[in-house]
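Chain by chain, the residues run as shown.
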Amino acid sequence: MRLDKYLKVSRLIKRRTVANEACDAGRVLVNGKPARASYDVKVGDTLTVQLGARELRAEVLQVSETVRKEEAGELYRILE
């Protein structure tokens with residue numbers, strides 16, 4: 001699954017266009033390297049998303065095309 005779509009489906013970022021813009025601006029890292037929106041997300045990847053002054057690190061646990069809002073948190077695990 002594309003990185004921008006994963007960020008939207010997992011609800012780490014609310015809209016896909018915002019996720020796409022964040023990737024283009026270099027604010028999304030996968031395994032410590034800047035990633036394009038077209039990057040293919042795999043289980044075990046570590047995502048770092050810089051949202052303003054905040055930085056969010058998450059490990060991909062599952063990749064699913066569609067998921068209910070209540071289950072979105074099961075797609076990733078927050079790292080400190």
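It should be emphasised that the depicted structure is a prediction, and the values quoted were computed from it without experimental measurement.

### With respect to the overall build of the chain
At step 1: Within the chain one finds two helices and five strands.
At step 2: Listing every helix and strand of the chain by position from the N terminus yields α-α-β-β-β-β-β.
At step 3: On the principal axes, the C-alpha backbone points of the chain span a range of 30 × 25 × 20 Å.
At step 4: A buried classification covers 36% of the 80 residues belonging to the chain.
At step 5: Considering only contacts within the chain whose residues lie at least 6 apart along the sequence, 35% involve residues at least 24 apart.
At step 6: Side chains of the chain give 16 positive and 12 negative charges; the mean places of these two sets differ by 4 Å.

### Some thoughts on the pairing of strand β3 (residues 46–51)
A regular strand places its side chains so that they alternate between the two faces of the sheet.
At step 1: As paired strands, strand β1 (residues 28–30) and β3 are joined by three bridges and run antiparallel to one another. Paired with Leu29 across the bridge in β3 is Thr48.
At step 2: Judged from the six bridges that link them, β3 and strand β4 (residues 54–60) form a sheet pairing that is antiparallel. Each residue of the ladder has a partner; that of Leu47, found in β4, is Ala58.
At step 3: The hairpin turn running from β3 into β4, its antiparallel successor, is two residues long, and Gly52 in that turn takes a positive phi close to 65°.

### Notes on a positive patch on the surface
At step 1: The grouping of Lys8, Arg11, Lys14 and Lys69 at the surface amounts to a positive patch.
At step 2: Tracing the chain through its elements places Lys8 in helix α1 (residues 3–9).

### Topic: the sheet that holds β3
At step 1: Strand order in the open sheet made by the five strands is β2-β1-β3-β4-β5, with antiparallel pairing throughout. In this open sheet, the two strands that pair with only one neighbour each are β2 (33–34) and β5 (76–79).

### Notes on the environment of Val49
At step 1: For Val49, the location among the structural elements is in strand β3.
At step 2: Given a relative accessible area of 2%, Val49 falls into the buried group.
At step 3: For the pair Val49 and Cys23, spaced 26 residues apart in sequence, the C-alpha separation works out to 9.0 Å.

Thresholds applied
Residues numbered from 1 in each chain as written. Predicted model: local features only at pLDDT ≥ 70, side-chain atom pairs only at ≥ 80, totals over all residues. Heavy atoms only, no water. Helix = DSSP H or I, 4+ residues; strand = E, 2+ residues; numbered from the N terminus. Buried < 20%, exposed > 50% of the residue type's maximum accessible area, 1.4 Å probe, protein only. Contact = heavy atoms within 4.5 Å. Lys, Arg positive; Asp, Glu negative; His and termini not counted. Charge placed at Lys NZ, Arg CZ, Asp CG, Glu CD. Pairing = 2+ DSSP bridges. Patch = residues over 30% accessible without salt bridge, like charges linked within 9 Å, V, L, I, M, F, W, Y side chains within 5 Å. Areas by Shrake-Rupley, 256 points an atom, 1.4 Å probe, with all protein chains shown as cover. Salt bridge = Lys/Arg side-chain N within 4 Å of Asp/Glu carboxyl O.

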